[in-house]
Amino acid sequence: MLEFVITGDGSKTIYNSEVGENYHSRHGALQESRHVFLKSGLEFFLANSPSQDVSVLEVGFGTGLNFLLSADHCISNGINLDYTGIEAYPLSAEMICQTGYGQYVSPAVWTGFTGNYRDSLINPVQIVETCQLQIAACKLLDFRSDKQYDVIYFDAFASIHQPEMWDEDAISHTLSFLKPGGIFVTYAITGNLKRIIKGLGLRVEKAPGAPGKREMLRAIKRADM
């Protein structure tokens, strides 16, 4: 059901034959993650925030690539990171180790992640001193938290394969965890998605997409919401 695939930039992704979808873009898993989530999400937020602390919620934790790149960036820049991933069907620790993503981040981040991955599915864990990770092994609509997050990465499978992840209930539930002034980013941009998010009161921006996609979506929650 799950098999590794080499993408256009040489990095690996996983193909899920049951869903009929890759976990990342076939044009390049690494470049997509860096462009959509790191550059257009985390770095965009940090450039406009004086805080040395940032919290991230990811919908669709998958292989952990977005987390790894985010953790590596924060550690390199003296930022404290509190990261929560939602993943209904967590990968095995063995598959995580086989991704080869350790070559893209510092040894401390990689060993901290792989060594604590199983525990992070149960309780929050310290990957390194300044980085905490917890993975909620549940479906999106079953996720509950008292936390509000600075940045939300929405990395679900495409709507053609999982339409229930992109409907108003799912998006509204996701955005209920976003702080005022926070950033929501996803690789997709459709008329329906824009209408839903605008209807919830956020400002929607088109941003250049990663290779293979012309545009992506970023939304900003008003500070007075």
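Up top is the structure.
Residues numbered from 1 in each chain as written. Predicted model: local features only at pLDDT ≥ 70, side-chain atom pairs only at ≥ 80, totals over all residues. Heavy atoms only, no water.

Looking at the pairing of strand S6 (residues 125–128)
Then, in step 1: Where S6 and strand S7 (residues 131–136) come together, three bridges link them in antiparallel fashion. Counterpart to Gln 126 in the pairing with S7 is Gln 132.
Then, in step 2: Between S6 and S7, which pair antiparallel and follow one another directly, the connecting turn spans two residues. (Pairing = 2+ DSSP bridges. Helix = DSSP H or I, 4+ residues; strand = E, 2+ residues; numbered from the N terminus.)

Quick look at the nonpolar core
As a rule of thumb, nonpolar side chains are buried together in soluble globular proteins.
Then, in step 1: Formed by 77 residues in total, the largest nonpolar core has its most connected members in Val 54, Phe 67, Leu 81, Phe 113, Leu 133, Phe 184 and Ile 197.
Then, in step 2: Apart from residues no more than four positions distant in its own chain, Phe 113 is found in contact with Phe 61, Thr 63, Gly 64, Phe 67, Leu 68, Ile 96, Ile 127 and Leu 133. (Core = buried A, V, L, I, M, F, W, Y, C linked by side-chain atoms within 4.5 Å. Buried < 20%, exposed > 50% of the residue type's maximum accessible area, 1.4 Å probe, protein only. Contact = heavy atoms within 4.5 Å.)

Some details on the pairing of strand S2 (residues 12–16)
Then, in step 1: Judged from the five bridges that link them, strand S1 (residues 2–6) and S2 form a sheet pairing that is antiparallel. Each residue of the ladder has a partner; that of Phe 4, found in S2, is Ile 14.
Then, in step 2: Taking the residues between adjacent antiparallel strands as the criterion, S1 and S2 are bridged by five residues, where Gly 10 takes a positive phi near 95°.
Then, in step 3: Across two bridges, the pairing between S2 and strand S3 (residues 21–22) is antiparallel. For Tyr 15, the partnering residue across the bridge sits in S3 and is Asn 22.
Then, in step 4: Taking the residues that link successive antiparallel strands as the turn, the S2-S3 hairpin has four residues, and the phi of Gly 20 there is positive, at about 80°.

What to know about the sheet that holds S3
Then, in step 1: Across the sheet, which stays open at both edges, the three strands sit in the order S1-S2-S3 with antiparallel pairing between neighbours. Taken across any chain shown, the strands that pair with only one partner, and hence form the sheet edges, are S1 and S3.

Here we look at the packing of aromatic side chains
Then, in step 1: Applying the stated criterion across every chain, the model contains 15 aromatic pairs.
Then, in step 2: Both rings, one in Phe 67 and one in Phe 113, keep their centres 5.5 Å apart while their planes meet at 50°; by these two values the pair is tilted. Taken as a pair, Phe 67 in helix H2 (residues 65–76) and Phe 113 in helix H4 (residues 107–120) lie far apart in primary sequence, 46 residues in all. The two residues Phe 67 and Phe 113 agree in class, both being buried.
Then, in step 3: Measuring from centroid to centroid gives 5.0 Å for Phe 143 and Phe 177, while their planes differ by 70°, and the two rings are edge-to-face. Highlighted residues: Phe 143 in the loop between S7 and strand S8 (149–154) and Phe 177 in the loop between helix H5 (168–175) and strand S9 (178–186), separated in sequence by 34 residues. Each member of the pair Phe 143 and Phe 177 is classed as buried.
Then, in step 4: Here the aromatic residues Phe 37, Phe 61, Phe 67, Tyr 83, Trp 110, Phe 113, Tyr 117 and Tyr 153 are joined through ring pairs into a cluster of three or more. (Phe/Tyr/Trp six-rings, centres within 6.5 Å; stacked < 30°, edge-to-face > 60°.)

A look at H5
Then, in step 1: Within H5, the full set of buried residues consists of Ala 170, Ile 171, His 173, Thr 174 and Leu 175.
Then, in step 2: The secondary structure elements touched by the buried residues of H5 are strand S4 (53–59), S8, S9 and helix H6 (191–199).
Then, in step 3: Among the residues of H5, the N-terminal cap falls to Asp 167, whose side-chain oxygen and the backbone nitrogen of Asp 169 are separated by 3.2 Å. (Polar contact = N/O pair within 3.5 Å; in protein donor to acceptor, adjacent residues only side chain to side chain.)

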